[in-house]
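# Understanding the architecture of this molecule
For reference, the chains in residue letters:
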Amino acid sequence: MHTLVVAATAAEAAHVPAHLPLVVTGLGKTAAAVATTRALAAYDDVSGLTVVNIGTAGALRPGLSGLHEPGTVLNHDINADIVRSLGYDPEERLEVGESEVVLATGDVFVNDPLVRDRLALTAHLVDMEGYAVAFAARSFGVRVRLVKHVSDAADESAMDWPAQVEASALVLGAWLEDRLSASS
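Since the structure is predicted, the reported quantities are computational estimates derived from the model, not experimental observations.

## A look at the overall build of the protein chain
Across its full length, the protein chain holds five helices and nine strands. Starting at the N terminus and walking to the C terminus, you meet the elements of the protein chain as β-β-α-β-β-β-α-β-β-α-β-α-β-α. Computed over C-alpha atoms, the radius of gyration of the protein chain comes to 16 Å, within 12% of the 16 Å expected from 2.2 N^0.38 for 184 residues, which places it in the range of a compact globule. Counting only C-alpha atoms, the protein chain reaches 40 × 40 × 25 Å along its principal axes. Looking at the protein chain as a whole, 51% of its 184 residues are labelled buried. Contacts spanning at least 24 positions in sequence make up 74% of the contacts within the protein chain whose residues lie at least 6 apart. For the protein chain, the exposed area adds up to about 8700 Å²; of that, 56% sits on carbon and sulfur atoms. Once the 12 positive and 24 negative side-chain charges of the protein chain are each reduced to a mean point, those two points are 4 Å apart.

Below, the structure written as structure tokens:
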């Protein structure tokens, strides 16, 4: 078993243990999908590999804080009903684990309480890369784990993300050290 850690920004990955392979993708679904795909394509053999996508997330519901490992990830900014009506499967929902926590991923930086409240009807957390990383990993037949730390309430407080990311990076790095160092 071996691990590939994927993070959107160097700030979120600041405390990833040095011995773990790391890919920093850049922000958003497109950058995350491309960087993850490139990294996976570079492996001669992906059997036994697990992609662990770490990062910050906005809480969509009151009282959510701390570290979460979502079991489901949604592509929240695709018009899935229209895509289905055209005869295609938008694959907007991916099951990635056992947890009941749902992560919504989209290219929209959520800092509007109205958008947050709409997303909270179907998800607990929101980010900008998790779905894309999961989709890319699935296309290679690779297991994926999403590990997200709440940095804000997906409202105007999200604009303070740069000041909050270090606290999240410390928690994410400690999680990696505790959970993955023995097996990687």
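## Details of a nonpolar patch on the surface
On the surface, a cluster of nonpolar side chains totalling about 360 Å² of accessible area is made up of Ile 82, Leu 86 and Tyr 88. Note that Ile 82 resides in helix H2 (residues 80-85). The exposure class of Ile 82 is partly exposed, given its relative accessible area of 45%.

## What about the pattern of salt bridges?
Summed over all chains, the structure comprises nine salt bridges. One salt bridge in this structure joins Arg 84 and Glu 92, with 3.1 Å as the shortest N-O distance. In this structure, Arg 93 and Glu 95 form a salt bridge, with 3.2 Å as the shortest nitrogen-oxygen distance. Accessibility expressed as a relative area gives 45% for Arg 93, which makes it partly exposed. Through salt bridges that share partners, Asp 81, Arg 84 and Glu 92 make up one connected network.

## Considering the environment of Leu 176
Here Leu 176 shows up in helix H5 (residues 161-180). Given a relative accessible area of 0%, Leu 176 falls into the buried group. Separated by 14 residues in sequence, Leu 176 and Pro 162 place their C-alpha atoms 22 Å apart.

## Overview of the pairing of strand S9 (residues 143-152)
Counted residue by residue, S9 has nine buried out of ten residues, so it is predominantly covered. Both strand S3 (residues 49-59) and S9 contribute to a ladder of nine bridges, which runs parallel. Residue pairing for S9: Ala 57 is matched across the bridge by Val 150. Both strand S4 (residues 67-68) and S9 contribute to a ladder of two bridges, which runs antiparallel. Its bridge partner being in S9, His 68 is matched across the sheet by Lys 148.

## As for the pairing of S3
Summarising burial for S3: eleven of the eleven residues are buried, a large majority. Bridge count for strand S1 (residues 2-7) against S3 is six bridges, and the pairing is parallel. Bridge pairing in S3 places Ala 7 opposite Ile 54.

## Let's talk about the side chain of Thr 72
Residue placement: Thr 72 occurs in strand S5 (residues 72-75). Within the structure, Thr 72 has its side chain in polar contact with the side chain of Glu 95 (distance 2.7 Å). Contacts of Thr 72, omitting those with residues within four sequence positions, involve Arg 93, Leu 94, Glu 95, Val 96, Ser 99, Val 101, Val 102 and Leu 103.

Thresholds applied
Residues numbered from 1 in each chain as written. Predicted model: local features only at pLDDT ≥ 70, side-chain atom pairs only at ≥ 80, totals over all residues. Heavy atoms only, no water. Helix = DSSP H or I, 4+ residues; strand = E, 2+ residues; numbered from the N terminus. Rg over C-alpha atoms; globule rule 2.2 N^0.38 Å. Buried < 20%, exposed > 50% of the residue type's maximum accessible area, 1.4 Å probe, protein only. Contact = heavy atoms within 4.5 Å. Areas by Shrake-Rupley, 256 points an atom, 1.4 Å probe, with all protein chains shown as cover. Lys, Arg positive; Asp, Glu negative; His and termini not counted. Charge placed at Lys NZ, Arg CZ, Asp CG, Glu CD. Patch = residues over 30% accessible without salt bridge, like charges linked within 9 Å, V, L, I, M, F, W, Y side chains within 5 Å. Salt bridge = Lys/Arg side-chain N within 4 Å of Asp/Glu carboxyl O. Pairing = 2+ DSSP bridges. Polar contact = N/O pair within 3.5 Å; in protein donor to acceptor, adjacent residues only side chain to side chain.

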